[in-house]
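# Working through the structure, step by step
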Amino acid sequence: MRPALLLALLAVALLPGRQTFAAEPQRAEQVQSDVSTREISIQSNFTGVEIVLFGSIDFTRAPSLDEGPYDVIMVIRGPNRPIVVRRQERIAGLWMNGASETFPSVPGYYAVLASRPFRAVASKAVLKNLGIGFSNLDFGKTAEGETEDNGFRASLIRLQEEHGLFQESDDAISFIGRSLFRGSVQLPVNVPIGRYTTQVFLFRDGKLLSQSQNSLQVEKVGVERVVYMLAFHYPFAYGLLAVLMAVSAGLLAWTVFRRE
């Protein structure tokens, strides 16, 4: 009876219209991120600001709070601008500008945050391809026929670091639970205006799994915006206005002292 029963069950399973269900495949992890503010206004009392980047990992496979297999790297990048680096040389007892090099596309602000030392997160090739780290930044091509001087490049990076415009911070991202994470970065008082991009990269075992991108705007408001627009977009009108104001102030002072 047992062989007959097994044959009957097999026949029922193979009847037309019967459906078999396979296990649903595991979905790949995806990172979602955002920034605490999308607009930063610079006024006369601006002293810098801290922004917070946060996110979550969808379809996480982390087994527990203490065994998270993921690494996260955040990159905040400001608008590009040309910068000229000059070498100071002593000539006849005086310090004068010597050789120089122009870098046509330097980020006005650049910061890297990581959940652990980012050079241990992925290989040099991966970091270079993603432009993560000072050494992997592309400052644009030099003039035709010129070769990039690493001394000028190193000086540029050093000066940007001293002004707080270039930052690298290991262990600056903390995980909250199995899938949430956050990190913060300081924008200094001299931060340039323009559109900033924030990129979040999710790694596991040195492999890039997912990335997310957002943006924020830094702009001057009020009188500072008017002065900035005049100085950079209408330099002739700005210079003329400055001369008129200086002459008016001089005439006013002359009139006051003359009466006395």
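Okay, so let's go over this structure. Residue indices begin from 1 for each chain and proceed along its sequence in written order. The predicted nature of this model means local features are confined to residues of pLDDT at least 70 and side-chain atom pairs, given and counted, to a pLDDT of 80 or more, with totals for whole chains, interfaces and linings taken over all residues. Based on all heavy atoms of the structure, the side-chain values leave hydrogens and waters out of the count.

## Some details on the overall build of the protein
We count it as follows: Strands here mean DSSP runs of E at least two residues long; helices mean DSSP runs of H or I at least four residues long; both are numbered from the N terminus. Buried, partly exposed and exposed residues are distinguished by accessible area as a fraction of the type maximum, computed with a 1.4 Å probe on protein chains only: under 20%, between the cut-offs, and over 50%, respectively. For accessible areas, the Shrake-Rupley method is used with a probe of radius 1.4 Å. Any residue's cover is judged against the shown protein chains and nothing else.
Along the protein, the regular secondary structure elements total five helices and 12 strands. The buried share of the protein, taken over its 260 residues, is 30%. Element-wise, carbon and sulfur atoms account for 56% of the exposed surface of the protein, whose accessible area totals about 16,800 Å².

## Notes on the sheet that holds strand 12 (residues 207-220)
Put simply, the rule reads: Should DSSP find at least two bridges between two strands, the strands are regarded as paired. Axis definition: a line fit to C-alpha positions, over the contact stretch in the case of helices; interaxial angles, taken between N-to-C directions, run 0 to 180 degrees.
If you walk across this open sheet you meet the six strands as 2-12-11-4-7-8, and the pairing is mixed. Bordering the open sheet on either side are strand 2 (39-42) and strand 8 (166-169), each of which pairs with just one other strand. Here the average twist between neighbouring strands, direction ignored, is 15 degrees. Bridging between strand 2 and strand 12 involves four bridges; their strand directions are parallel. Within strand 12, the position partnered with Ile40 by the bridge is Val218.

## Side note on the pairing of strand 5 (residues 80-91)
Summarising the sheet, strand 5 and strand 6 (residues 94-107) pair through 10 bridges and their orientation is antiparallel. Within the sheet, the bridge partner assigned to Ile83 lies in strand 6 and is Phe103. Here strand 5 hands over to strand 6 after two residues, with Ala92 in that stretch at a positive phi of 50 degrees.

## Overview of the pattern of salt bridges
In plain terms, the rule: Between Lys or Arg on one side and Asp or Glu on the other, a salt bridge is scored when a side-chain nitrogen of the former is within 4 Å of a carboxyl oxygen of the latter.
Counted according to the given criterion, the structure contains five salt bridges. Two residues, Arg116 and Asp71, come together in a salt bridge whose shortest N-O distance is 2.7 Å. Separated by 45 residues along the polypeptide, Arg116 in the loop between strand 7 (110-114) and helix 2 (124-130) and Asp71 in strand 4 (residues 70-77) bring together distant segments of the chain. Residue classification places Asp71 among the buried residues on the basis of a relative accessible area of 8%. A salt bridge links Arg158 to Glu162; the shortest N-O distance between them is 3.3 Å. Of this pair, Arg158 and Glu162 are both found in helix 3 (residues 150-162), four residues apart, which corresponds to roughly one turn of the helix.

## Quick notes on the sheet that holds strand 10 (residues 180-187)
Read from one edge of the open sheet, four strands run 1-3-10-9, paired in antiparallel fashion. The open sheet is flanked by strand 1 (30-35) and strand 9 (173-176), the only strands paired with a single partner. Across the sheet, the mean angle from the axis of one strand to that of its neighbour is 25 degrees, orientation sign disregarded. Where strand 1 and strand 3 (residues 49-58) come together, six bridges link them in antiparallel fashion. Bridge pairing in strand 3 places Val35 opposite Leu53.

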